[in-house]
Amino acid sequence: MSAIPFAEVIGDPIAHSKSPLIHGFWLERLGLAGVYRATHVLPEDLGTYIAARRGDPAWRGCNVTLPHKQAVMPYLDRVDETAAAIGAVNTVVRAGDELVGYNSDAPGFLEPLRPILARQHLFRLARIIGSGGAARAVAHALWGVGFTLVAIARDPAKAEALVAPFDPGHVHVGDLMELARPTGFAFDDRAGILDLVVNATSLGMVGKAPLEIDWSHVPPGAVIYDLVYAPLDTPLLVEARARGHRAIDGLDMLIGQAAVAFEKFYGVRAPRDQDAALRALLVA
């Protein structure tokens, strides 16, 4: 009898991960014989971990979280084009005798925006706050759907690096400290323009300071997207809703990127008609 197929999420630390809840929920709802778990892997043990899993035929792959998203890449046989462009892998999948690296953050991020992106716009502009791995995935995803990008970070050099791969005529950089100060800039008519503001930092997360933003920097009608999901209603999103902006929380991206990985691991689509029940489980 063959062993039950399994996948997992690896990182250091890892106890906080919600991935086992998400994948376990889908496996149960679909009645699949499969397991998904969290495994603590220290940086110095990453190579040993990958070598051991190569030899386990029941292992379907793993999700990869900090601090391994870049470090895992040399241990893989191939890296998907999108993951290579972003410079980070968050999903490793067994494909025959090979281990292939993917980045599901980019498509997961875009998922809740798809109904908006289905419309035509005269211009699309995204202000991306942050310069880490999540911000890189967001920038790559938004560039691919026609956004001009503004990278906003504490370190101007990191903001410059974030947008360096893209056409210099359609990227800009900004200072995070300036974002907290009022501006006298008067926005013109935004009809037909899609404005997006993305918090790709940990600011606003439980135990972290809130993101300081003066709303004079935010165009009227802009969509506000916060990748933080603990708490689900961050100070940024609470204020955005109070001001009449459409707000998207971090669970949308978390579930969306997990669904991409789930299909690669288990060969079937996640039951997305169960999202409401899944969200209730995740915030319980």
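Source: prediction; values computed, not measured.

K.L.:
I tried to follow the pairing of strand β5 (residues 91–95) on my own but got confused; where do I start?
P.N.:
Direction of pairing for strand β3 (residues 59–64) relative to β5: antiparallel, over a ladder of three bridges. Its bridge partner being in β5, G61 is matched across the sheet by V93. Bridge count for β5 against strand β6 (residues 98–102) is five bridges, and the pairing is antiparallel. Paired with V92 across the strands is G101, a residue of β6. Remark: two residues form the turn of the hairpin made by β5 and β6, two consecutive strands paired antiparallel; G96 in that turn has positive phi of roughly 65°.

K.L.:
So what exactly am I meant to see when it comes to the environment of Q120 here?
P.N.:
Along the chain, Q120 turns up in the loop between α5 (114–117) and β7 (123–129). Sequence spacing of Q120 and T39 is 81 residues, and the spatial spacing of their C-alpha atoms is 44 Å.

K.L.:
Honestly, the side chain of K69 in this entry has me stumped. Any pointers?
P.N.:
For K69, the location among the structural elements is in the loop between β3 and β4 (78–79). A distance of 3.1 Å separates the side chain of K69 from the side chain of D105, its partner in a polar contact. Apart from residues lying up to four places away in sequence, K69 is in contact with V64, A88, V89, N90 and D105.

K.L.:
Help me out: how do you make sense of the pairing of strand β8 (residues 148–153) in this one?
P.N.:
Successive side chains on a regular strand alternate, one facing one side of the sheet and the next facing the other. Burial runs high along β8: six of the six residues are buried. Side chains T148, V150 and I152 project from β8 onto one buried face, and the interleaved L149, A151 and A153 project onto a second face that is buried too. Pairing of β7 with β8 involves five bridges; the strand directions are parallel. In the sheet register, A126 faces β8, and the bridge partner there is L149. Handedness of the β7-helix α6 (residues 133–144)-β8 crossover: right-handed. Sheet topology places β8 next to strand β9 (residues 171–175); five bridges connect them, and they run parallel. Its bridge partner being in β9, L149 is matched across the sheet by V171. Taken together, β8, helix α7 (residues 156–163) and β9 constitute a β-α-β crossover, and its handedness is right-handed.

Cut-offs and rules
Residues numbered from 1 in each chain as written. Predicted model: local features only at pLDDT ≥ 70, side-chain atom pairs only at ≥ 80, totals over all residues. Heavy atoms only, no water. Pairing = 2+ DSSP bridges. Helix = DSSP H or I, 4+ residues; strand = E, 2+ residues; numbered from the N terminus. Polar contact = N/O pair within 3.5 Å; in protein donor to acceptor, adjacent residues only side chain to side chain. Contact = heavy atoms within 4.5 Å. Buried < 20%, exposed > 50% of the residue type's maximum accessible area, 1.4 Å probe, protein only. Right-handed = clockwise from strand over helix to strand, strands pointing away.

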